[in-house]
Amino acid sequence: MFNGVKKRIMTTSAIDKSRFNHLIKDFHFAELFNELGWDYVKKTEKVVVHDTEYLLNAMAEKKGFVVFVCTHSSIPDDNIRKKIDNVVTKLYFEHLIIFCDSAKNHQIWQLIIREHGKPVVPRKVHYYSHQEPELLFQKLKGLFFSIDDEDRISIVDVRSAVTSQFNTNAERVTKKFYDGFKKEHTVFLEFINGVTDKVDKEWYASLMLNRLMFIYFIQRKGFLDNDKDYLRNRLKTTQEKKGKNKFYSFYRNFLLILFHKGLGSHERTPELESEIGIVPYLNGGLFDVHHIEENYPDIKIEDKAFEGIFDFFDQYEWHLDTRITATGKDINPDVIGYIFEKYINDRAAMGAYYTKEDITDYISKNCVIPVLFDEVKRNYPKALKPDSDVWNMLKEDPDKYIYDAVKHGVNLPLPDEIAVGLDTAKPNLLECRKEWNKPSPKEYALPTEIWREVVERRRRYNEIKSKIENNGITEINDFITYNLNIHQFAQDVIESTDAPDLVKHFYKAIRNITVLDPTCGSGAFLFAALNILEPLYESCIQRMEDYVSESSKGKYKFFEDTLADVKSDKHPNIQYFIYKSIILNNLYGVDIMKEAVETAKLRLFLKLAATVDADYNKPNLGLEPLPDIDFNIRSGNTLVGFAALRDVERAVEGHLLNSQLLKKEIEEIKEQAEIVKMAYENFKNSQMMIDSPSTRGAKTDLENRLQKLNEKLNIYQAKLYGVEVKNPPSPPFAKGGNSISPTLKKGD
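Fair warning: this is a prediction, and the values are worked out from it, not measured in the lab. (Residues numbered from 1 in each chain as written. Predicted model: local features only at pLDDT ≥ 70, side-chain atom pairs only at ≥ 80, totals over all residues. Heavy atoms only, no water.)

**Brief notes about the overall build of the protein**
- Each helix and strand counted, the protein has 29 helices and 14 strands in total.
- For the protein, buried positions account for 51% of its 748 residues.
- At a minimum sequence separation of 6, the contacts of the protein that also span at least 24 residues come to 71%.
- Surface accessibility of the protein: about 35400 Å² in total, with carbon and sulfur atoms responsible for 50%. (Helix = DSSP H or I, 4+ residues; strand = E, 2+ residues; numbered from the N terminus. Buried < 20%, exposed > 50% of the residue type's maximum accessible area, 1.4 Å probe, protein only. Contact = heavy atoms within 4.5 Å. Areas by Shrake-Rupley, 256 points an atom, 1.4 Å probe, with all protein chains shown as cover.)

If you want it as structure tokens, here you go:
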């Protein structure tokens, strides 16, 4: 318990709404929580982020759950608030932070939701002094605790209450949005003329709607001519300027220009800016001329199609973060994934299934993190020896990495009628354990557990704890075997180590790891990997800053060079650099569904855009062009062809056809593959420079080389099956087909 805690004046009823409004508007948070039945607390924590000191004043507490107020001249941005929360979490795991500006105009109530098996999710509620605090009232009235509650509740109950009040009911909003979106998609499809192939037409409808949804998100952030209703207003302007006759259309006379010459190109002319206004160059490939647009140059879409889709989109509040508004109609980038999830579930009869977040997180962290540790161990073995500081840190706090669900109720003494069955040496064991098959009360049990399961879980907990205390866990794979919090452990290793070489090798391992999902869908596993890698990147960068700031210049040259790149003016902020690095260097995906690939890329782009605010005083509005990930996330069939270069040679081992006859072909494939590999590295490196004139040329060169290699591989594979190819067809890649060239990475 804190020093300075004073017991609250007990109240017996929930707070009056008018009284609540008064306290919120006056920023009287201590009084507010006191009237909600919380305890007063007086304590101040100092947190320093980027050389700026932030004071967090604890002013309410309930069973160990603490409410802090952080008042500053201006409310810090998302990235800084996250860092502040990370520091507070180490001191008070369960907490809520209210960020306020010193002028008392704005509040952000921030709760970080940490659920077992799921990515960390920030929930934020904004309140401005000119508003009525209706949304806050609806959420906080559920946090009232009466006198009678005092002896019945624990920190688990308080955390559950706060979480349920602040967690968005995304499922309800998503279902309504999806139902409407499905209808609008069908209607929009009928308006597309000039695309004769049914598959291409459906693909193009999805591409167009993805483009429009992306624009809806960024226009709300002020990136499009500082007009938050940019598309709607430009539709109106186009119709007024051009007229509504058949010779002109919003699609051909405005949208294609916006896509290909505005958002998809860095070149600007006065005539273009007069037409589309001030908009950023986005790159990314989303707004490039698509294969379908090349193959069907006479596509037409009536204005009515856009009027209908804009009417539907305008019913919702579009945000690039997880804020909650009183409308209950919030759409954020996560919804795009939910839409695809429901779309996939509707098609389950085809064998398509969407993997839930808890599963993707569990599988991803238990695959990615051991690879990182193995790579560090290979290059810096002494840091992970059994007697190293890494494993001693684990011994110092054996409970820390055991999940709360496993620890639930283990410190409570078992009732006599249950404890009597623990001694297996006693006679009549079945009689002694007759109560074990009955449900256990919630203070002991997880949902649905009976006493037998509680006893077994407690036994497992004691076994794991004993193993940790006795230095029985000295390999990262043991974290999987014993279901320990491997992600938190990896982050703590980086943040607590005194060995700069360990930080360096972890950073190199993180930079070089490649994660490939051969059936990526809308990116569920890729996003899980991103959520795992992002805090590890950030922790490495923070530790590098610590070492450099505490040492003379030149002592840690690798760190200095890395930080110079991270903090370069070409990156809008550190968060953008981290996400761009992960998306460009670490993540790869393939899916046979073209719509899935477009959705995955869209979600990754939105993740990047969410980290930047429009600044009309900076080049490109302060937005670094998005990475082009057309070669990272691709449409194709991974069951056909060769996954890696070594498979080309393996294919003829033991083959009836004399492998010597194909030796020349294999050597030619190897040579072309090496050229493709260099072309890909050149293309990837060119994207790290803003407005690089080599980017488009590098992409074209890479596409051409991939086409040649793909054709060569198709002919080679045909020969393996005894098929003579006299007139090889154009590679499917050129037409946007389902074939896929191999992803060639280091070591392949």
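**Quick look at the pairing of strand β4 (residues 95-101)**
- Buried residues dominate β4, accounting for seven of its seven residues.
- Residues His95, Ile97, Phe99 and Asp101 line one face of β4 and the alternating positions Leu96, Ile98 and Cys100 line the opposite face, and both faces are buried.
- Sheet topology places strand β3 (residues 65-72) next to β4; seven bridges connect them, and they run parallel. Bridged to His72 within β4 is Asp101.
- As a crossover connection, the stretch from β3 through helix α3 (residues 78-91) into β4 is right-handed. (Pairing = 2+ DSSP bridges. Right-handed = clockwise from strand over helix to strand, strands pointing away.)

**A short note on the pattern of salt bridges**
- On inspection of all chains with the given rule, the structure shows 33 salt bridges.
- Here Arg220 and Asp229 are joined by a salt bridge, their closest N and O atoms 3.2 Å apart.
- In this structure, Glu375 engages Arg378 in a salt bridge whose closest nitrogen and oxygen atoms are separated by 2.7 Å. With Glu375 and Arg378 both in helix α14 (residues 357-379) and three residues apart, this pair spans about one turn of that helix.
- With relative accessibility at 57%, the residue Arg378 sits in the exposed group.
- Taken together, the salt bridges that share partners define one network made up of Arg220, Asp229, Arg232, Asp311 and Asp314. (Salt bridge = Lys/Arg side-chain N within 4 Å of Asp/Glu carboxyl O.)

**Quick look at empty space enclosed by the protein**
- Within this structure, the stated rule accounts for three cavities of 30 Å³ or more.
- Space inside the second largest cavity adds up to approximately 60 Å³.
- Lining the second largest cavity, in full, are Phe373, Asp374, Lys377, Leu384, Trp391, Thr474, Glu475 and Ile476.
- In terms of residues, the lining of the second largest cavity owes the most to one element, α14, which gives three residues.
- Its residues placed into classes, the lining of the second largest cavity shows four nonpolar, one polar and three charged. (1 Å grid on protein atoms, 1.4 Å probe; cavity = no way out; pocket = protein on both sides within 12 Å on 5 of 7 lines; lining within 4 Å. Points joined across faces, edges and corners; volume = space filled by probe spheres on them. Nonpolar A, V, L, I, M, F, W, Y, C, P; charged D, E, K, R; others polar.)

**Some remarks on helix α25 (residues 574-586)**
- In this model α25 runs 17 Å from its N-terminal to its C-terminal C-alpha over 13 residues, within 8% of the 18 Å that 1.5 Å per residue would give.
- Here α25 lies mainly inside the structure; 13 of its 13 residues are buried.
- Of the residues that open α25, the one with a side-chain oxygen 3.2 Å from the backbone nitrogen of Gln575 is Asn573. (Expected span 1.5 Å × (residues − 1). Polar contact = N/O pair within 3.5 Å; in protein donor to acceptor, adjacent residues only side chain to side chain.)

**Topic: unusual backbone geometry**
- Even without being glycine, Asn471 reaches a positive phi, approximately 60°.
- Among the secondary structure elements, Asn471 is positioned in the loop between α19 (451-469) and α20 (477-481).
- The phi torsion at Asn620 lies on the positive side, around 55°, for a residue other than glycine.
- Relative to the elements of secondary structure, Asn620 occurs in the loop between α26 (594-609) and β14 (633-635).
- Taking the relative accessible area as the measure of exposure, Asn620 reaches 23% and is therefore partly exposed.

**Looking at the sheet that holds strand β13 (residues 587-591)**
- Ordered by their spatial adjacency, three strands build an open sheet running β12-β13-β14, and the pairing between neighbours is parallel. Each edge of the open sheet is held by one strand with a lone partner, namely β12 (515-517) and β14. The mean angle between the axes of side-by-side strands here comes to 10°, regardless of whether they run parallel or antiparallel.
- One ladder, built from three bridges, connects β12 with β13; its direction is parallel. By the bridge assignment, Asp517 is partnered in β13 with Gly589.
- Contacts between helix α23 (residues 524-549) and the sheet are confined to β12, β13 and β14, with β13 contributing the most and set at about 170° to the helix.
- This element, α26, spans β13 and β14 of the sheet and lies at about 165° to β14. (Axes fitted to C-alpha atoms, helices over the stretch in contact; angles between N-to-C directions.)

**As for the confidence of the model for the protein**
- Within the protein, residue pLDDT values average 84, and 86% of them lie at 70 or more.
- Under a pLDDT of 50 for its full length, residues 1-13 has, in the predicted model, 36 contacts with residues more than four places off or in other chains.
- Here residues 730-748 scores under 50 on pLDDT; set against residues more than four positions off or in separate chains, the count is 56 contacts. (pLDDT = per-residue confidence, 0-100.)

**Things to note about helix α21 (residues 486-496)**
- Where burial is concerned, most of α21 is hidden: eight out of the eleven residues are buried.
- Every buried residue of α21 is listed here: Ile486, His487, Phe489, Ala490, Gln491, Asp492, Val493 and Ile494.
- Buried residues along α21 sit against α14, α15 (389-396), α20, α22 (500-512) and α23.

**Here's the deal with the packing of helix α7 (residues 198-220) against helix α12 (residues 303-313)**
- Running from N to C, α7 and α12 point in directions that differ by 45°, and their axes come no closer than 12 Å. Between α7 and α12, the crossing angle belongs to the class labelled oblique. As for how α7 packs across α12, the hand of that crossing is right-handed. Listed contacts from α12 to Met208, Leu209, Leu212, Met213 and Tyr216 of α7 are Phe306, Ile309, Phe310 and Phe313. (Parallel < 35°, antiparallel > 145°, perpendicular 65-115°, else oblique. Left-handed = near helix turned anticlockwise from the far one by under 90°.)

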